Amino acid sequence: DAGVTQSPTHLIKTRGQHVTLRCSPISGHKSVSWYQQVLGQGPQFIFQYYEKEERGRGNFPDRFSARQFPNYSSELNVNALLLGDSALYLCASRGGLAGANEQFFGPGTRLTVL
Amino acid sequence: AQRVTQPEKLLSVFKGAPVELKCNYSYSGSPELFWYVQYSRQRLQLLLRHISRESIKGFTADLNKGETSFHLKKPFAQEEDSAMYYCALSPLSDYKLSFGAGTTVTVRA
């Protein structure tokens, strides 16, 4: 198992554009979480999905949305991009909803907004 | 609200010296505390969690509820310990991790 995979690795967009980031969890994992990591800061929680339902949302504007597919992969969508959206976007998967299940992180997608 | 503070952005120690990374948190309930590590060109990975009460790669961390701290310690630092370390918190039986800003550790020969 390659672990959590994310695509693309890098992405350059301009202000006002839309972006879609993709994540494939570890085989058998049903929970996917998304985090934003701005340079010099720790990751900040954006969303969690479990069994295709949104189970939590962080303090992010409605421009950010996500969904989870029947195969448990997930997409993060960001509309009307701002310069401040430039960051590393991390996806993490875990076997269960919470509790004792460890969260495994992907390598991230580096988004640059010009 | 849950908050994690790592007061040191950078920490430099000599090989064989003790190393301690500070982490303080604020949370009104009973949290679960973690230390994550990111080595150069690798992905973020779990180092240890307070519930496990185990030592990983020689590192230990004790949850002090009175001081709301979860400091990470290792008695003898090794060069391979050079990495970025993040302290994180989640409510028990919850999913949302709150991370500190991280501490970059450099172990010099």
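Because the structure is a prediction, the values reported are computed rather than measured.

**Observations concerning the state of the cysteines**
Put plainly, two cysteines are in a disulfide when a covalent bond ties their sulfur atoms together. Residues and elements named next belong to chain B. Enumeration according to the criterion identifies two disulfides over all chains in this entry. Each disulfide pairs two cysteine sulfurs, and for Cys23 the partner residue is Cys87, the sulfurs being separated by 2.0 Å. Between Cys23 and Cys87, the S-S torsion sits near -65°, and that sign places the bridge as left-handed. With Cys23 in the loop between β3 (19–21) and β4 (24–26) and Cys87 in strand β9 (residues 83–91), this residue pair connects regions lying 64 residues apart in the sequence. You can call Cys87 buried: its relative accessible area is 0%.

**Observations regarding the nonpolar core**
Ranked by size, the top nonpolar core spans 24 residues in total, and within it Leu21(B), Trp35(B), Leu47(B), Leu48(B), Phe70(B), Leu72(B) and Tyr85(B) carry the most contacts. Mapped by element, the contributors of at least two residues to this core are β2 (10–14), β3, β5 (31–38), β6 (45–49), β8 (69–74), β9 and β11 (103–108) of chain B. Considering every element that reaches this core, the biggest residue donor is β9(B), with four residues. In this view, Leu21(B) contacts Glu8(B), Leu11(B), Trp35(B), His71(B), Leu72(B), Tyr85(B), Thr103(B) and Val105(B); residues no more than four positions away in its chain are not counted. Of all hydrophobic cores here, the second largest spans 22 residues; its members include Leu21(A), Phe64(A), Val78(A) and Val113(A).

**Quick word on the pairing of strand β11 (residues 109–113) of chain A**
Residues and elements named next belong to chain A. Judged by which residues are buried, β11 turns out to be one-sided: Thr109, Leu111 and Val113 face inward and are buried, whereas Arg110 and Thr112, on the alternate face, are not. Looking at chain direction, strand β2 (residues 10–13) and β11 are connected through four bridges and run parallel. For Lys13, the partnering residue across the bridge sits in β11 and is Val113.

**Topic: the pairing of strand β6 (residues 53–57) of chain A**
Two faces, one strand: in a regular strand the side chains alternate between the faces of the sheet. Residues and elements named next belong to chain A. Pairing analysis gives four bridges linking strand β5 (residues 44–50) to β6, with the strands arranged antiparallel. Directly across from Gln48, in β6, lies its bridge partner Gly56. Connecting the antiparallel pair β5 and β6 is a turn made up of two residues, with Glu51 showing a positive phi of about 50°.

**Here we look at the confidence of the model for chain B**
Across chain B, pLDDT averages 93, with 99% of residues at or above 70. Here strand β7 (residues 60–64) of chain B is the element of chain B with the lowest mean pLDDT, 91, and β11(B) is the one with the highest, 98.

**Side note on the sheet that holds strand β3 (residues 19–24) of chain A**
Residues and elements named next belong to chain A. Read from one edge of the open sheet, four strands run β1-β3-β8-β7, paired in antiparallel fashion. Of all strands in the sheet, those with a lone pairing partner are β1 (5–7) and β7 (64–68), marking the two edges. With direction set aside, neighbouring strand axes in the sheet form an average angle of 15°. Sheet analysis places β1 next to β3, joined by three bridges and oriented antiparallel. Residue pairing across strands places Thr5 opposite Ser24, the latter belonging to β3.

Here is what the cut-offs are and how they apply
Residues numbered from 1 in each chain as written. Chains lettered and ligands numbered in written order. Predicted model: local features only at pLDDT ≥ 70, side-chain atom pairs only at ≥ 80, totals over all residues. Heavy atoms only, no water. Disulfide = S-S within 2.5 Å. Helix = DSSP H or I, 4+ residues; strand = E, 2+ residues; numbered from the N terminus. Buried < 20%, exposed > 50% of the residue type's maximum accessible area, 1.4 Å probe, protein only. Core = buried A, V, L, I, M, F, W, Y, C linked by side-chain atoms within 4.5 Å. Contact = heavy atoms within 4.5 Å. Pairing = 2+ DSSP bridges. pLDDT = per-residue confidence, 0-100. Axes fitted to C-alpha atoms, helices over the stretch in contact; angles between N-to-C directions.

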